[in-house]
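Structural features, examined
Chain residues, written in single-letter form:
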Amino acid sequence: MKYENIFPTGILVHDVPVWVANQVEKLVEERVDQLQRPDQNAPHATDYFEKDKVIDLNYDTPELKTEIDMCVRDYQNKNAMNRIHEGYSYNWWTQDYKEGDIHNEHHHNVGQISGVYYVRANESAGGIMFRNPNPFVEYGHTMRENAPYSWQEYVYQPVKGRILMFPSYLKHTVLPSGKDCIRTVIAFNVK
């Protein structure tokens, strides 16, 4: 007997060179206070865009942009996304999570690639939980390691310098951040 993974969902995981991660962290830390935060106290969803970009991937961090471009090309090739491959554009934003901050379950549309780059993170930072797009799993309630076809969700913990890239239709949630949380991200869509 054997099982074959006939409809897998690819999540690209890539760690940028340490010197790039340190350079981006330093730059973003100098500007993170420019982010407009909601007036209410946490918990709240950090679903906000800055009017003026805190960071410009093209000009401020060309090394990070090169890493993201490399990931986009690889993701497109592995997933046969030729429509995007001809030419693509980015929409990006920066988010800084504090204790109790969340981002409710959502997706970023169909036919795009979405991603997150972890500028900085510590062990109190909330993970990103991806929801299995297979509707069948809603009828089961198992997370047994030996039954991955029935998993409802999967959580990635934030790691400084890591890029996660995934199909934009994939529903995801940012779990609550804990006490003394450090979690700053550059999120993006590629279309």
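Just so we're clear, the structure is a prediction, and the values are computed from it rather than from any experiment.

Assigned secondary structure in the protein consists of 3 helices and 9 strands. Across the protein, helices and strands are ordered from the amino to the carboxyl terminus as β-α-α-α-β-β-β-β-β-β-β-β. With 191 residues in all, the protein has 44% of them scored as buried. Pairs at least 24 apart in sequence give 84% of the contacts found in the protein among residues at least 6 apart. If you sum the accessible surface of the protein, you get close to 11,000 Å²; carbon and sulfur atoms cover 51% of it.

The 5 strands are arranged β1-β7-β4-β9-β2 in an open sheet whose pairing can be described as antiparallel. The open sheet is flanked by β1 (12-15) and β2 (90-97), the only strands paired with a single partner. With direction set aside, neighbouring strand axes in the sheet form an average angle of 20°. Across 4 bridges, the pairing between β1 and strand β7 (residues 162-167) is antiparallel. Looking at the pairing, histidine 14 lines up with isoleucine 163 of β7. Along the sheet face, helix α1 (residues 18-31) touches β2, β4 (113-121) and β9 (183-190) and points at about 80° away from the line of β4.

Here we take up the packing of aromatic side chains. Within the structure shown, the criterion is met by 4 aromatic pairs. On the basis of an interplanar angle of 80° and a centroid distance of 5.9 Å, the ring pair of phenylalanine 130 and tyrosine 156 is categorised as edge-to-face. With phenylalanine 130 in strand β5 (residues 128-131) and tyrosine 156 in strand β6 (residues 153-156), the pair connects residues that are 26 residues apart, well separated along the chain. The interplanar angle of 70° and the centroid separation of 5.1 Å between the aromatic rings of tyrosine 154 and tyrosine 156 together place this pair among those described as edge-to-face. Relative accessible area serves as the criterion here: at 39%, tyrosine 154 is assigned to the partly exposed category. Linked through ring pairs, Phe130, Tyr154, Tyr156 and Phe166 together constitute an aromatic cluster.

Attention shifts here to the pattern of salt bridges. A full pass over the atoms with the stated rule returns 12 salt bridges. A salt bridge links aspartate 69 to lysine 65, with the nearest nitrogen and oxygen atoms 3.2 Å apart. Highlighted residues: aspartate 69 and lysine 65, both in helix α2 (residues 62-79), separated by 4 residues, approximately one helical turn. On the basis of relative accessibility, which here comes to 14%, the residue aspartate 69 falls in the buried class. For lysine 65, a relative accessible area of 14% gives the class buried. Where aspartate 96 meets arginine 120, a salt bridge forms, and the shortest distance between an N and an O atom there is 3.3 Å. In this pair, aspartate 96 sits in strand β2 while arginine 120 sits in strand β4, placing the two residues 24 residues apart along the sequence. Take aspartate 96 and arginine 120: they sit in the same class, and that class is buried.

A few words on the pairing of β9. The element β9 is extensively covered by neighbouring structure, given that 8 of its 8 residues are classed as buried. Burial along β9 is two-sided: the face carrying Arg183, Val185, Ala187 and Asn189 and the face carrying Thr184, Ile186, Phe188 and Val190 are both buried. Judged from the 8 bridges that link them, β2 and β9 form a sheet pairing that is antiparallel. Its bridge partner lying in β9, asparagine 91 is registered against asparagine 189.

So, about the sheet that holds strand β3 (residues 103-106). Either a parallel or an antiparallel arrangement is found when strands of a sheet pair, and the pairing is made through backbone hydrogen bonds. Across the sheet, 4 strands lie side by side as β3-β8-β5-β6; this open sheet has antiparallel pairing. The outermost strands of the open sheet, each flanked by one partner alone, are β3 and β6. Taken pair by pair, the neighbouring strands of this sheet meet at an average axis angle of 15°, ignoring direction. As judged from the 2 bridges shared by β3 and strand β8 (residues 172-174), these two strands associate in the antiparallel manner. Residue pairing for β8: histidine 103 is matched across the bridge by valine 174.

Parameters and conventions
- Residues numbered from 1 in each chain as written.
- Predicted model: local features only at pLDDT ≥ 70, side-chain atom pairs only at ≥ 80, totals over all residues.
- Heavy atoms only, no water.
- Helix = DSSP H or I, 4+ residues; strand = E, 2+ residues; numbered from the N terminus.
- Buried < 20%, exposed > 50% of the residue type's maximum accessible area, 1.4 Å probe, protein only.
- Contact = heavy atoms within 4.5 Å.
- Areas by Shrake-Rupley, 256 points an atom, 1.4 Å probe, with all protein chains shown as cover.
- Pairing = 2+ DSSP bridges.
- Axes fitted to C-alpha atoms, helices over the stretch in contact; angles between N-to-C directions.
- Phe/Tyr/Trp six-rings, centres within 6.5 Å; stacked < 30°, edge-to-face > 60°.
- Salt bridge = Lys/Arg side-chain N within 4 Å of Asp/Glu carboxyl O.

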